[in-house]
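Chains, contacts and geometry: an overview
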Amino acid sequence: MSLRFPASSGDAGLFIEKEGSGLNMRLRPVKNAAERIAGHPEVITTIDRNETKRLDAVFTGGRPLHLEIGAGKGRFAHTLASRRPDIDCIAVEKYDYAIVKALDKVLSAPLENLHLVRMDAEKITDCLDPSSIAVIHLNFSDPWPKARHEKRRLTHPRFLKRFKTLLEPGGTVEFKTDNRVFFEYSLLTLQHAGFMFEDVCLDLHHEDEADRDNIMTEFEEKYGKDGPVYKIRVRYEGEKT
Ligand SMILES: C[S@@+](CC[C@H](N)C(=O)[O-])C[C@H]1O[C@@H](n2cnc3c(N)ncnc32)[C@H](O)[C@@H]1O
């Protein structure tokens, strides 16, 4: 892997850096987020670092299961689940203060095919059965531009290995970003991991065909206007025997 990210300043974690714009967005803590989340176990599960909980029993109807990782405030997952009553959807987000906004959306417009999970995706294969996921969605994942944070990128090989475990044969990963370097990095890691490319889009918002069914995320709306949004869709065929 020979790509290098541009040097950047500022800490990661609570800061989300926007390449090129010079903007750092700090997410503010939300009052009582943890208490509000704890009050709705039917809608949202919390899994702390030292815990293991299974999510297999959340949906038992046998419909194709979509998994969004890094769901933020939840607009994508909520819109997807409301547009697609034929699927079930699990939306995973690491931070209370983001996913509590997704909880608000579900409480004001309930959806029986959407479940939220506040957890770090590091533990995702401890929660779900192998070969149980039809589609994994990665929307505007944090690019983690510093080399020493590379392992945190959701398209790092160690995450892709977990995704291959979770995906059913023929399952797909759909990835959107406005960060060109992260996009190129992800093209390489996905290819090295043995995924088959179904679609690579260099300017999602200006390709009629690609844009038609696009679900605009919160980040996409805020930052995706300054330049192209890139999209990758890859398929995993399963291990060759
Ligand atoms: C840049 S935001 C994008 C949010 C949303 N997908 C959107 O497009 O509006 C990335 C989100 O991914 C979450 N995230 C990053 N790494 C994660 C991980 N390992 N597990 C769960 N969530 C993660 C962050 O907390 C953040 O809310």
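Residues numbered from 1 in each chain as written. Predicted model: local features only at pLDDT ≥ 70, side-chain atom pairs only at ≥ 80, totals over all residues.

1. Considerations on the sheet that holds strand β3 (residues 44-46)
The test is simple: Strands are treated as partners if at least two bridges between them are detected by DSSP. Secondary structure elements follow DSSP: runs of H or I of four or more residues count as helices, runs of E of two or more count as strands, with numbering from the N terminus. Lines are fitted to the C-alpha atoms to define the axes, a helix being fitted only along its stretch in contact, and any angle between axes, read from their N-to-C directions, falls within 0 to 180 degrees.
Taken in spatial order, the eight strands of this open sheet run β3-β6-β5-β4-β7-β8-β10-β9, and their pairing is mixed. What marks the edges here is a single partner per strand, and that holds for β3 and β9 (196-201). Going across the sheet, the axis of each strand differs from the next one's by a mean of 15 degrees, ignoring polarity. Where strand β4 (residues 65-69) lies against strand β5 (residues 88-93), five bridges are found, and the strand directions are parallel.

2. Quick notes on the site of the ligand
We apply this condition: We call a residue near a molecule or strand when its C-beta atom, built from the backbone, sits within 6 Å of it. Three classes are used: nonpolar for Ala, Val, Leu, Ile, Met, Phe, Trp, Tyr, Cys and Pro, charged for Asp, Glu, Lys and Arg, and polar for all others, with Gly counted as polar.
Around the ligand, a shell composed of 21 residues is seen, among which Gly70, Gly72, Ala121, Thr217 and Phe219 lie nearest. Of all elements in the fold, only β5 and α7 (218-223) reach the threshold of two or more residues within the shell around the ligand. Residues belonging to the shell around the ligand are distributed by class as follows: nine nonpolar, five polar and seven charged.

3. Re the environment of Ser132
Threshold: Residue pairs are scored as contacts if the distance between their C-beta atoms, which are placed from the backbone, is within 7 Å.
In this fold, Ser132 is placed in the loop between β6 (114-118) and β7 (133-139). Once the C-alpha coordinates of Ser132 and Gly171 are considered, the two residues, 39 residues apart in sequence, prove to be 9.2 Å apart. In this view, Ser132 contacts Leu65, Leu166 and Glu168; residues no more than four positions away in its chain are not counted.

4. Description of the pairing of β6
Heads up, the condition is: Exposed residues have 12 or fewer other C-beta atoms within 10 Å of their own C-beta, buried residues have 20 or more, and residues in between are partly exposed; the C-beta atoms are placed from the backbone.
Of all five residues in β6, five are buried, a share of seventy percent or more. Alternating positions in β6 separate into two faces, Leu114, Leu116 and Arg118 on one and His115 and Val117 on the other, with burial throughout. One ladder, built from three bridges, connects β3 with β6; its direction is parallel. Looking across to β6, one finds that Ile44 is bridged to Leu116. One ladder, built from five bridges, connects β5 with β6; its direction is parallel.

5. Some details on the nonpolar core
This is how it is decided: Definition of nonpolar core: a set of buried Ala, Val, Leu, Ile, Met, Phe, Trp, Tyr and Cys residues joined via C-beta atoms within 7 Å.
Counting residues in hydrophobic clusters, the biggest one holds 49 residues, and the most contacted among them are Ala77, Ala91 and Val92. With five residues, the top contributor of residues to this core is helix α3 (residues 96-108). Ignoring any residue separated from it by four or fewer positions in sequence, one finds Val92 in contact with Leu67, Glu68, Ile69, Ala71, Val117, Met119, Ala121 and Ile124.

6. Considering unusual backbone geometry
Positioned with a positive phi, Ser131 is a non-glycine residue whose angle comes to about 55 degrees. Here Ser131 is to be found in the loop between β6 and β7. Since 14 C-beta atoms lie within 10 Å of it, Ser131 is described here as partly exposed. Even without a glycine there, the phi angle at Phe140 is positive, about 50 degrees. With respect to the helices and strands, the residue Phe140 is situated in the loop between β7 and α4 (157-166).

7. Focus: the environment of Ala134
Position of Ala134 relative to the elements: it lies in strand β7. Looking at Ala134, the number of C-beta atoms within 10 Å reads 16, which means it is partly exposed. It is 5.8 Å that separates the C-alpha atoms of Ala134 and Glu168, two residues lying 34 residues apart in sequence. Here Ala134 is in contact with Pro64, Leu65, His66, Glu168 and Gly171, once residues within four sequence places are set aside.

8. Some remarks on α4
Heads up, the condition is: Throughout, the arc means the angular range of directions from the helix axis out to the C-beta atoms.
All of the buried residues in α4 are Phe159, Leu160, Phe163 and Leu166. For α4, the angular spread of buried residues about the axis comes to 115 degrees, placing them on one side. Exposed side chains of α4 directed beyond 90 degrees from the buried face belong to Arg158 and Lys161. Looking at the buried residues of α4, the elements they touch are β7, β8 (167-177) and α5 (180-192).

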